[in-house]
Amino acid sequence: MALTKQTITDKIETVFVQDYYVLQVRESVQVLEDGNVISQNFHRYTLSPDADVSTISDSVILAQFNAIMTDQVKQNYQTFLASQKPIVTEEEGE
């Protein structure tokens, strides 16, 4: 009886938000016994156009990120961020 653990990227979704895109990534963390999955959990995260992808080692995620996040998409995202009003808390407003 050999137990092993593996993490696989099982879903990458490109989601259009206003004038830009984000990538939603789902990883499956699996515990296997003799090659059969006996336990599985999911970890999800998103990548915005300004994400630092230098630490991502999955070539499929990097390829999709680089294909989707064009200069125009990145510019649209920066325009969106600049248009957001800052949130003022009660303490700051006094």
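Chemist: Which parts of the structure should I look at to understand the nonpolar core?
Modeler: Proteins that are soluble and globular tend to have nonpolar side chains buried together. Ranked by size, the top nonpolar core spans 13 residues in total, and within it Tyr20, Leu23, Leu47, Ile56, Ile61, Phe65 and Met69 carry the most contacts. Listing elements by their share of this core, those giving two or more residues are β2 (20–33), α1 (59–68) and α2 (71–83). A total of 4 residues in this core trace back to one element, the largest contributor, which is β2. Apart from the residues within four sequence positions on either side, Tyr20 is in contact with Val15, Pro49, Val73, Asn76, Tyr77 and Phe80.

Chemist: Help me understand the sheet that holds β2 in this model?
Modeler: Hydrogen bonds between backbone atoms are what pair the strands of a sheet, whose relative direction is either parallel or antiparallel. An order of β1-β2-β3 is seen for the 3 strands of this open sheet, with the pairing classed as antiparallel. Each end of this open sheet is capped by a strand with a single partner; those strands are β1 (3–17) and β3 (36–47). Between one strand and the next, the sheet's axes are offset by a mean angle of 20°, whatever the strand orientation. Across 14 bridges, the pairing between β1 and β2 is antiparallel. What sits directly across from Glu13, in β2, is Gln24. Against the sheet, α1 contacts β1, β2 and β3, and its axis sits at roughly 10° relative to β1.

Chemist: Mind showing me how you'd approach the packing of aromatic side chains here?
Modeler: Note on aromatic pairs: each is described by the distance of the centres and the angle between the planes. Going through the model one piece at a time under the given rule, you end up with 4 aromatic pairs. Taken together through their ring pairs, the aromatic side chains of Tyr20, Tyr77 and Phe80 make up a single cluster. The aromatic ring of Phe42 is capped on one face by Arg26, whose charged end is 4.2 Å from the ring centroid.

Chemist: Could you clarify how one ought to interpret the pairing of β2 in this entry?
Modeler: Within a regular strand, the side chains alternate between the two sheet faces. In textbook terms, the turn of a hairpin is the stretch between consecutive antiparallel strands, and for β1 and β2 this stretch comprises 2 residues, one of which, Gln18, has a positive phi near 55°. By the bridge criterion, 11 bridges tie β2 to β3 in an arrangement that is antiparallel. Among the inter-strand pairings, Leu23 is bridged to a residue of β3, identified as Leu47. Here β2 folds back onto β3, and the loop between the two strands holds 2 residues, one of which, Asp34, carries a positive phi near 50°.

Scoring rules and cut-offs
Throughout this description, residue numbers start from 1 for each chain and increase along the sequence as written. Totals for whole chains, interfaces and linings use every residue, but because this is a predicted model, local features are given only for residues with pLDDT of at least 70 and side-chain atom pairs only at 80 or more, for both listing and counting. Values reported for side chains reflect all heavy atoms of the structure, with hydrogen atoms and water molecules removed beforehand. Take the buried residues of types Ala, Val, Leu, Ile, Met, Phe, Trp, Tyr and Cys, join any two whose side-chain atoms come within 4.5 Å, and each joined set is a nonpolar core. Only protein chains enter the accessibility calculation, which uses a 1.4 Å probe. A residue is then buried if its area is under 20% of the maximum for its type, exposed if over 50%, and partly exposed in between. In this description a helix means any DSSP run of H or I spanning at least four residues, a strand means any run of E spanning at least two, and both kinds are numbered starting from the N terminus. In what follows, residue pairs with any heavy atoms lying within 4.5 Å of each other are defined as contacts. A pair of strands counts as paired when DSSP detects no fewer than two bridges linking them. Helix axes are fitted to C-alpha atoms over the stretch in contact, other axes to C-alpha atoms as well, and angles between N-to-C directions run from 0 to 180 degrees. The rule is short: rings of Phe, Tyr and Trp, with Trp giving its six-membered ring, pair when the centres are within 6.5 Å, and they are stacked under 30 degrees, edge-to-face over 60, tilted in between. Over a ring means this: the NZ of a Lys or the CZ of an Arg is within 6 Å of the ring centre and within 35 degrees of the ring normal.

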